[in-house]
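Descriptive structure summary
Spelled out from the first residue to the last, the chains are:
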Amino acid sequence: TEKEWRGLKGEPSLLTRQALRGMGCESLDALLAGDRYARSALLRQMIHRFKYRRMRVYEKPLAAILRRALPLFPLPSTTVLTAVPLHWTRVFLRGFNQSELLASALSRETGFPVCHMLSRRRRTGWQSHRKNRRDRADAMKGVFAVRASRAERPTHVLLVDDMLTAGGNLDGG
């Protein structure tokens, strides 16, 4: 119910550079999570409905959960938000890019601007259907390209995605 999802606060967490390197993730300085997907059946339901059933009503509460994680890793006022891009066929099927919606909602809450810095070079299929971390990582190699020139690139970027499975989207895809 609406009352239940409004009450979902999340348990934010932070993975530092050292922890990420230990997991084989080489390109991130930190990883902030609004909550653990496996911890809450309600959160899993919200993300699934938002993503696959086009229930955009979950955009604001999910962004609020992400917002609560930000104090764990204070960001400078020059930070920009960028969303993980979907392949155009996925956007066509869903009707939207859920990461872009979350980035926009988070921008409204934080004042950080959204900058569309990434493009997706090819389709990868469903990450959730892959067997393990290695399969996910292999599928994501070379998928993303930075659209901004070196001179235009901000020094602090918060990459927004709806969920983390094995980190394939985030670690240099």
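Residues numbered from 1 in each chain as written. Predicted model: local features only at pLDDT ≥ 70, side-chain atom pairs only at ≥ 80, totals over all residues. Heavy atoms only, no water.

**Notes on the overall build of the protein chain**
- Assigned secondary structure in the protein chain consists of seven helices and six strands.
- Along the protein chain, helices and strands appear, N-terminal first, in the series α-β-α-β-α-α-β-α-α-β-α-β-β.
- Within the protein chain, buried positions represent 40% of all 173 residues.
- Pairs at least 24 residues apart make up 70% of the contacts formed inside the protein chain by residues separated by at least 6 positions. (Helix = DSSP H or I, 4+ residues; strand = E, 2+ residues; numbered from the N terminus. Buried < 20%, exposed > 50% of the residue type's maximum accessible area, 1.4 Å probe, protein only. Contact = heavy atoms within 4.5 Å.)

**A short note on the packing of aromatic side chains**
- Overall, the coordinates contain one aromatic pair when judged by the stated rule.
- The ring of F96 has R56 lying over it, and the distance from NZ or CZ to the ring centre is 5.8 Å. (Phe/Tyr/Trp six-rings, centres within 6.5 Å; stacked < 30°, edge-to-face > 60°. Lys NZ or Arg CZ within 6 Å of the ring centre and 35° of its normal.)

**What to know about the confidence of the model for the protein chain**
- The pLDDT averaged across the protein chain works out to 81; a share of 80% of its residues lies at or above 70.
- Averaged pLDDT values for the elements of the protein chain fall to 60 in helix α1 (residues 2-7) and rise to 93 in helix α6 (residues 98-110). (pLDDT = per-residue confidence, 0-100.)

**A look at the side chain of T82**
- Within the secondary structure layout, T82 lies in strand β3 (residues 80-83).
- A polar side-chain atom of T82 sits 3.3 Å from the main-chain amide nitrogen of M117.
- Setting aside residues up to four positions removed in sequence, T82 forms contacts with C115, H116, M117, L118, V157, L158, L159 and V160. (Polar contact = N/O pair within 3.5 Å; in protein donor to acceptor, adjacent residues only side chain to side chain.)

**What about the packing of helix α3 (residues 41-52) against helix α4 (residues 59-67)?**
- Between α3 and α4, whose axes approach to 10 Å, the crossing angle comes to 130°. For the element pair α3 / α4, the angle class is oblique. For α3 against α4, the interelement crossing comes out left-handed. When α3 is examined against α4, the residues L43, M46, I47 and F50 are found in contact with a partner set consisting of E59, P61, L62 and I65.
- Residues that form the contact of α3 with α4 fall into these classes: seven nonpolar, no polar and one charged. (Axes fitted to C-alpha atoms, helices over the stretch in contact; angles between N-to-C directions. Parallel < 35°, antiparallel > 145°, perpendicular 65-115°, else oblique. Left-handed = near helix turned anticlockwise from the far one by under 90°. Nonpolar A, V, L, I, M, F, W, Y, C, P; charged D, E, K, R; others polar.)

**Section: unusual backbone geometry**
- A positive phi angle is found at R54, which is not glycine, with a value near 60°.
- For R54, the position within the fold is in the loop between α3 and α4.

**Re the pattern of salt bridges**
- Under the criterion given, the structure shown has four salt bridges.
- For E59, the salt bridge is made with R56, and the minimal N-O distance between the two is 3.8 Å.
- The buried category is assigned to E59, whose relative accessible area is 10%.
- Of the residues examined, R56 reaches a relative accessible area of 44% and is grouped as partly exposed.
- Linked by salt bridges that have partners in common, R56, E59 and R108 make up one network. (Salt bridge = Lys/Arg side-chain N within 4 Å of Asp/Glu carboxyl O.)

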